[in-house]
Amino acid sequence: MIPIPVETDAMLAILNLPKEMSNNGIFKEHQGLVLEMIHSIVLQEHYDRATHDDLPEEDPFLVSFRFGFCFLMLHSTAEFLNLKTLGEGIVKTVGLDQSATELLTGSEIDAFKANLELRALTILQAYLNSAGLDRLNELKPRQARLIRVGVI
């Protein structure tokens, strides 16, 4: 199996999204963008291997690139998807009678996307180039540091 691009049905299964979304053309439209994102963050020899080599399903390289692709696809499309809503956006909560629906806010979608990108880069960490490693370091949460304050 060639690791990337991942077929839409397999991607939906990996991301636990409804099968009905396979008809949504947004994934096909974003496929080239996601491939370019991966190409820009991984070393060339790994990208070539991921797009051309036929690997067994259990191969860690294949799994890393397939999951990385899927997380980056959701990262790329999250703000455009219409998941179980009456209007636009991603549902955060639904009332008991479904009359009250709360959608993710813009900042929550940004945080969601940053988390997806962090997961993708973490999975692909062994294959990243310097730009990818820099981006991974930007996204990693910072450890709290002890600050000493003196009063004079």
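Residues numbered from 1 in each chain as written. Predicted model: local features only at pLDDT ≥ 70, side-chain atom pairs only at ≥ 80, totals over all residues. Heavy atoms only, no water.

1. Quick look at the packing of aromatic side chains
Evaluation of the coordinates by the stated rule reveals four aromatic pairs. With a centroid separation of 4.6 Å and an interplanar angle of 35°, the aromatic rings of F61 and F65 are classed as tilted. You can see F61 and its partner F65 sitting in helix 4 (residues 60-77), four residues apart, about one turn around the helix. Of the two residues, F61 and F65, both sit in the buried class. Between the aromatic rings of F67 and F71, the centroid separation amounts to 6.2 Å while the plane-to-plane angle is 70°, which identifies the pairing as edge-to-face. Here F71 and F67 lie together in helix 4, a separation of four residues that amounts to about one turn. We note R49 situated over the ring of F61; from NZ or CZ to the ring centre the distance is 4.1 Å. (Phe/Tyr/Trp six-rings, centres within 6.5 Å; stacked < 30°, edge-to-face > 60°. Helix = DSSP H or I, 4+ residues; strand = E, 2+ residues; numbered from the N terminus. Buried < 20%, exposed > 50% of the residue type's maximum accessible area, 1.4 Å probe, protein only. Lys NZ or Arg CZ within 6 Å of the ring centre and 35° of its normal.)

2. Here we look at the packing of helix 5 (residues 106-123) against helix 6 (residues 130-139)
Across the interface, helix 5 lies against helix 6 with an axial gap of 10 Å and an inter-helix angle of 135°. When the axes of helix 5 and helix 6 are compared, the pair comes out oblique. Note that helix 5 runs across helix 6; the crossing there is left-handed. Facing helix 5, whose interface residues are A114, E117, L118, L121 and T122, helix 6 presents G132, R135, L136 and L139. (Axes fitted to C-alpha atoms, helices over the stretch in contact; angles between N-to-C directions. Parallel < 35°, antiparallel > 145°, perpendicular 65-115°, else oblique. Left-handed = near helix turned anticlockwise from the far one by under 90°. Contact = heavy atoms within 4.5 Å.)

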